[in-house]
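Chain residues, written in single-letter form:
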Amino acid sequence: MYPIVGHEELAPKVHRLTVKAPVVAEKARPGQFVILIIDPKGERVPFTISGWNVEEGTVDFVFIEVGNTTRQLATLREGDQLATFVGPLGRPAEVDHYGHVVTILSGYGIAAMSPILKALKEKENRITTIVQAPDRERLFNEDELRALSDDLILAVGTRGEHMMESTTLALRKLLDRHPRHRIDRVVAMCSLCLMRVISEMTRPQGIKTMVHLTPVMVDGTGMCGACRLSVGGANRFACVHGPEFDGHEVDSWEVLMARRCTYADESILQQGFQCR
Ligand code: FES
């Protein structure tokens, strides 16, 4: 069993859980994920690792209440236990000295990108972060993002497509200044829809764009095929070949979006959440 040692509500329906899992903490790298099961009858759910502490043997992840399992997770408190907590899974994100890196975040990515931002900072990249949130109340982690980014652009205060437009507009302005104010790499951890749009925006200028894809997963070891996607004309499994992929090579955006919607139940759609 894996005890919960911390639970913080970062924003309405957005939670950070800290779990005692020393083996996972020792091996975790930026961009990797865990799969957990709350109780023996629960479903397996993947979460991107948002932080870890090797000395204390703890691992953090952030989630948004959108379905039955995340609602159940939100009720857990310090001292409760998870039946299973497997990881770290997936390949670590690529991190090197690139120069100027633009990162684009929304939802759980606002926290889950933190380890990647820290690693990019350690490699002395200049970082511009665009963060999208529906309103100020649901913008969290701002202080850390500010500390890790040289420039922080907030796309806050609009909903749905308009919210996405304010994010793409911010990126458009940066792209229009390229190559005078050069962008060497874009890294996105946000909605599928937005990652797809971002990849198309950066394609003409050939700016390497990495996207973090989290399709439905079951075993997390490349055996079940649930997370299959097509990248560069080849079958790939997000759990073992990803979750980070070159956005210009992903050719199954439609399939990814359709599959995500397949498992969105009425309760999710009624809350106005996009299944993409
Ligand atoms: Fe089963 Fe990736 S989750 S192959």
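The protein chain appears in an unreviewed UniProt entry as Sulfide/dihydroorotate dehydrogenase-like FAD/NAD-binding protein from Desulfoglaeba alkanexedens ALDC.

1. Here's the deal with the domain arrangement of the protein chain
Per the domain assignment, the segments making up the protein chain are domain 1 (2–89), domain 2 (93–205) and domain 3 (213–269). Inter-centroid distance (C-alpha atoms) of domain 1 to domain 3 is 21 Å. With 10 residues of domain 1 at the contact, the number on the domain 3 side is nine residues. Counting residues per element, the ones that place at least two in the side of domain 1 that touches domain 3 are β3 (33–37), β4 (45–53) and β7 (84–89).

2. Overview of the pairing of strand β13 (residues 228–231)
Taken residue by residue, a regular strand's side chains alternate between the two faces of the sheet. Taken together, the four bridges between β13 and strand β14 (residues 234–237) define a ladder with antiparallel strand orientation. In the sheet register, R228 faces β14, and the bridge partner there is F237. Following β13, the chain reverses through two residues before pairing antiparallel with β14; G232 in that reversal takes a positive phi of roughly 60°.

3. A look at the confidence of the model for the protein chain
For the protein chain, the average pLDDT comes to 90, and 92% of its residues sit at 70 or higher. Per-element confidence in the protein chain ranges from a low mean pLDDT of 45 for helix α10 (residues 266–270) to a high of 98 for strand β12 (residues 209–212). Per-residue pLDDT stays below 50 along residues 267–276; that stretch engages in 15 contacts with residues further than four places along the chain or on separate chains. Across the interface, the model reports ipTM at 0.99; the global pTM reads 0.91.

4. Quick word on helix α4 (residues 114–122)
Residues of α4 that are buried include every one of S114, P115, I116, L117 and L120, and no others. Tucked into the core, α4 has its buried residues touching β4, β8 (100–106), α3 (109–112), β9 (126–133), α5 (142–148) and β11 (185–189).

5. Let's talk about the UniProt feature "domain: FAD-binding FR-type" (unreviewed entry) in the protein chain
Residues annotated in UniProt with the feature "domain: FAD-binding FR-type" (unreviewed entry) correspond here to residues 1–95. Regarding residues 1–95, the helix share stands at 15% and the strand share at 48%, and the terminal C-alpha atoms are separated by 33 Å.

6. Some points on the environment of P46
For P46, the location among the structural elements is in strand β4. Each residue touching P46, except ones within four places of it in the same chain, is listed here: F33, I35, T214, M217 and G220.

Conventions and cut-offs
- Residues numbered from 1 in each chain as written.
- Predicted model: local features only at pLDDT ≥ 70, side-chain atom pairs only at ≥ 80, totals over all residues.
- Domains from an automatic or database assignment.
- Contact = placed C-beta atoms within 7 Å.
- Helix = DSSP H or I, 4+ residues; strand = E, 2+ residues; numbered from the N terminus.
- Pairing = 2+ DSSP bridges.
- pLDDT = per-residue confidence, 0-100.
- Buried ≥ 20, exposed ≤ 12 C-beta atoms within 10 Å, placed from the backbone.
- UniProt positions renumbered as here; feature names shortened; annotations may be inferred.

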